[in-house]
Every structure is written in structure tokens, then in C-alpha cells.
Amino acid sequence: MEKRFILAFSLSLLVLLFYPRFLQYLYPPKPAPQQTEAVAPESQNLPAAPSRPAEPAAEAVPVSVPEETFSYEDAAYAVKFSNLGAAVNYFGLKAYGDGRGGQAFLFDAEEKDSPRGFSLRILKNGAWSEEPYSLEKKEPLSVVFLREEGGLQIRKSYWFLPGQFTFVVQVDAENRGPEPVNFECELTAPLYVADAHQIERPDLEAGYLKGDQFEARHADKLKKQPYLKEGPLEWTVLERKYFALIVKPETPVDYVRTSYEKGALIHYIKPPAAEIRPGETLTHRFLVYAGPKQHDALKETHLGFERILHTRVLGGLWIYFLVMLKFFYKIFHNDGVAIIVLSSLIKLVFAPLTHMSFDSMRKMQALQPKIKALQEQYKKDPQKMNQEVMELYKRNKVNPFGGCLPLILQMPIFIALYQTFSCAMELRGAPFVGWIRDLSEPDRLFTLPFSLPFLGDAVNVLPVIMIGTMLWQQKLTPQTAATKEQETMMMIMPALFGFIFYGLPSGLVIYWIVNNVLTIAHQLLMRKLHRNPAN
């Protein structure tokens, strides 16, 4: 969630709607301030493991054995495995493109120099080591690695669940020797941080569910310092804008350490250390969700993973709008049309509040001559002047805040709609008309041979249209600003909004344009009904 944009967006909207009327009320005389369960092989009974306080992981010891890789594919995933740590070098999602002709991927250690995924690191001589494994079995829905050393046999299995974005990683450590063996390991879970354009996303988070409490850490904090979350944990997650990597340990964990390394966020998930007696087997099993941040796909796991969608501003309010958007899509079979219909419906619901706002501004505009007369009459006595202005408002039954309060009440709806149009996975890659081929990206009519400061090299048309509708709307809005400076500031606001919206998803800009056009239509109707302002 782009929390900083939400803050800037909210403050800008408040300024646009509220500031001039607020100054008109405070400073009448002059502009002066006044004070589901996975189906996988059955787990074996686990021996009791001694508790161990959480501690940061040591650096991995490099292995001199040559790396061997091979590919695996099923209906959902395209995966490249490595023998080192029985890990994954590349993890792609076949059903999703990256916007540039390739697959969407969660991490890519081969091309992006990111950490390997689901690597089993063994603690040896006080440091973590990625040992080489041999491939024991590769079947349509399973891949199994094997390693034997000093009487300890380690089998690491991947069990892919058909028709789902989930799979199981299972580690079985069997002591075949005559003496007890201390076994301590950790599993890595990385998420590449950039988008299809190799630009780092601002909405990167790591999350941890402990009991019923969910905690999130933003990538900016993890850049500065790794974070260690002590267990037990229900599950942990790494999030990008549209994709998530969730790991649910089916055995207790000591801790999860999260850091920012080589262009990736990475979890180091550490189960407790244990002593394995001769003839016994220790099993660690992890259920992994690796896929889109779609409400339906997350909910199908029946493990509460959809909770990650409720951690944004206003919780899950935006999901209700997403359900409505999907409903309209089923009718019109075009996400752009669905956005226009949903925007119009929301505007219709709030039409009475908007009407109240316009009516209040119209009355305030009608009182301006009398207010200016009072300002001139009591210019040497500001306190008396304020009292007389308030009496004027009271006699004419005008609330100086009536023009902005109804619109402020709609602020949560605006924010929730922003989250819907800018973060919904359903809009990723969804076309509208003409040059608008992806509602989750700026519209990009064409690309310049050079780059403009702050704007880049893309020419986006929708933000320009939005600025035009905002200027038209301002021209129709009753002006209650007290000074020329305030009027000038209000004229600058459309350009400021255009700058903010220039790099935002086209679906969000379409919503704002539709909202502006409907507001203009409402204002024109109000003008027709009140051609002669009340005295």
C-alpha cells in the first residue's frame, strides 16, 4: 500500500475542497492569521525439540561444488531448481505476464542475482552452509532431493498441489548412524522487489501473524536493519503490489529473520534445533502460497491468507468495491466500462451530499457583498467584525463549513476506491479502449526519445484530460476565496493533481475523470435551477 501517496492525496483533496472556505471563515477582513489443509505425504511424529532463544543467522559458507540446475513446470508454475541447498533459482507464474512479453516471477537468482528460494541451510561449525544435493525423483507434481553425510540422510521434497497456487516443502532428516546427531537448519523465502519495468515498488512489506496479531514491516525499514521476529508464528508473508509469498510452518519455529539483500526481501525461517537419536527421523514441513494477491485465490486455502488484503488503510473496505467491480465486469466484459459504471453509481449515491455542498457554496457566494461591507465597516475592530459575520451566517442559516463537510465525509470512499483501482490484481493487464491496454499502468500513448524531469519519457493522455475537467469544474464552482492569492493557489491545484496522477494507474485516472465529469453535470444542473442567486 502506498501510504505516503494516500497521505498526499488526502491532504491535497482537503486543500482543494476545504481550504478556501476555511480561510473565508477565519479571515473575513484580510488574509491575516488568527489564532484449507494441504494434501501431502503424512508427517511423521516429531521428537521433542529443545527450545532455543532467537538469534541472528550467520553468513552462509560458500560451497565449491559446481551448481547443477534443471526445470520443472506444471499448470501454475515454471520453476528452475538448483542442487545447492536443494533450492529454487527461478520461480515464475505461468498465468501472468510481466508486461514485457515474459512471465511474472517472484524471484530470479539466475538473471537478477537475487537470493535462491527455499534453500535449506544447515548450521555447521557455527555458520550456515548450502550443501549440494542429488536429484532423487522428479514427477509431474513432486521433486525430491537427497543428501547423505556421516550417517545423516536429508531428504527435501516439493509437493505441488494441482489447481492451486500452493505447494509443500518438506525436510526429513533421518539418523542412520550409531550416535545422536544435532540438527539445525533454516529455510529461505525471497521475493524480488522490482516490477516489470525494473523499478523498485514502494508497496513492499513483510508480515508476520502471531496468534491473532498481524504485524507488517515496510521494506524501507528492512533496508536499514534486518528484523527478527521470534516464534511461534502462524505464518509469514512477503508482499509486492500484485503478488505474495506466504509460508506457513506446520511445526513451531524459533524465529523468522527478514532482511533486504541483492534486490530482494528475504525471510530466513528457522525451526528449533533438535537432537536426532539413531533410527529416528525429524520432519519439518512448510505450506507455501506463491501467487497473486487475489481475494478468491487466497481464500481458497482456508488458512486466512486473505487477511493480508485487510491491512491497508480502512481495512477491507476496498474489497467490497472490488466485488462490485467484478460484478459489473461480468455484465459488460470490459474493466474500463466497469470502472465507469461503478464510479457513476458511487457518485449517484453521494449526490445528495454533493448537492448540499453546492447549495452551501452558492449561499456563501451570495453573502460575499455583505461580508465585504462588514469587513470595511469593522476593519479596525476584527473581533466585532467576526461577531457580525457569524450573526450574518446565523440569520441566513448558512454554515460556513457546509460546503466542505459533506465532501470530507466521502473521503474514506475516495481512499477505498483508490485502493481498488490501483491495487486490484484483477485490473492487472486489463485493457479498456484504444491505447489504454493495461488499467493497472499509466495509459502511455507513446514514448519520447528523451526523458522529462519527474515525468519520464512516457506521454500519458488521461492525466491531461483530468486536468482539463478539473479546470472546468473550478470555473463552475461558486468562488468564495477571500484573496487573489488563494484564487491563484486554487488554479494551481489541477496541475498539482495532474502531476500526482501522471504516473498512477489509468484505471484510477479514469475514475477521477468520470467523477469530475459527473460533478460538472451536477453543477450545470444547479446553475440552471438557480439562475438568480438568493439575496
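Going by the structure above, here's the rest.
Computed from a predicted model, the values in this text were never measured in an experiment.

About the cut-offs
Residues numbered from 1 in each chain as written. Predicted model: local features only at pLDDT ≥ 70, side-chain atom pairs only at ≥ 80, totals over all residues. Heavy atoms only, no water. Pairing = 2+ DSSP bridges. Helix = DSSP H or I, 4+ residues; strand = E, 2+ residues; numbered from the N terminus. Axes fitted to C-alpha atoms, helices over the stretch in contact; angles between N-to-C directions. Core = buried A, V, L, I, M, F, W, Y, C linked by side-chain atoms within 4.5 Å. Buried < 20%, exposed > 50% of the residue type's maximum accessible area, 1.4 Å probe, protein only. Contact = heavy atoms within 4.5 Å. 1 Å grid on protein atoms, 1.4 Å probe; cavity = no way out; pocket = protein on both sides within 12 Å on 5 of 7 lines; lining within 4 Å. Points joined across faces, edges and corners; volume = space filled by probe spheres on them. Nonpolar A, V, L, I, M, F, W, Y, C, P; charged D, E, K, R; others polar.

Strand order across the open sheet formed by nine strands is S8-S9-S10-S11-S22-S18-S17-S14-S15, with antiparallel pairing between neighbours. This sheet does not close on itself; its edge strands, each paired only once, are strand S8 (134-139) and strand S15 (213-218). Taking each pair of neighbouring strands and ignoring which way they run, the sheet shows an average axis angle of 15°. Inspection of the sheet shows strand S17 (residues 235-239) paired to strand S18 (residues 243-249) by four bridges, in the antiparallel sense. Counted as the bridge partner of Leu-238 is Leu-245 from S18.

Residues Tyr-77, Phe-81, Phe-91, Phe-118, Tyr-158, Phe-167 and Phe-183 are the most contacted members of the largest nonpolar core, which totals 119 residues. Counting residues per element, this core draws most heavily on helix H10 (residues 411-423), which supplies eight residues. Not counting chain neighbours up to four residues away, the residues in contact with Phe-81 comprise Glu-68, Thr-69, Phe-70, Tyr-72, Ala-87, Val-88, Val-143, Phe-145, Tyr-158 and Phe-160. Judged by nonpolar contacts, the second largest core, of ten residues, contains Leu-367, Tyr-378, Met-385 and Val-389.

Within the secondary structure, Lys-137 is located in strand S8. With 20 residues separating them in the primary sequence, Lys-137 and Ser-157 have C-alpha atoms 9.1 Å apart. Among all residues touching Lys-137, those that are not within four sequence positions of it are Ser-142, Val-143, Val-144 and Trp-159.

This paragraph deals with empty space enclosed by the protein. Its volume calculated, the largest cavity comes out at about 40 Å³. Among the residues making up the lining of the largest cavity, the classes are represented as three nonpolar, three polar and one charged.

With that settled, the discussion passes to the sheet that holds strand S2 (residues 69-73). The strand order S2-S3-S4-S5 describes an open sheet built from four strands, whose pairing is antiparallel. Taken across any chain shown, the strands that pair with only one partner, and hence form the sheet edges, are S2 and strand S5 (103-108). Strand-to-strand, the axes of this sheet are offset by a mean angle of 15°, without reference to chain direction. Bridge analysis of strand S3 (residues 77-82) against strand S4 (residues 87-97) gives six bridges, and the strand direction is antiparallel. Bridging from a neighbouring strand, Ser-82 pairs with Ala-87 of S4.

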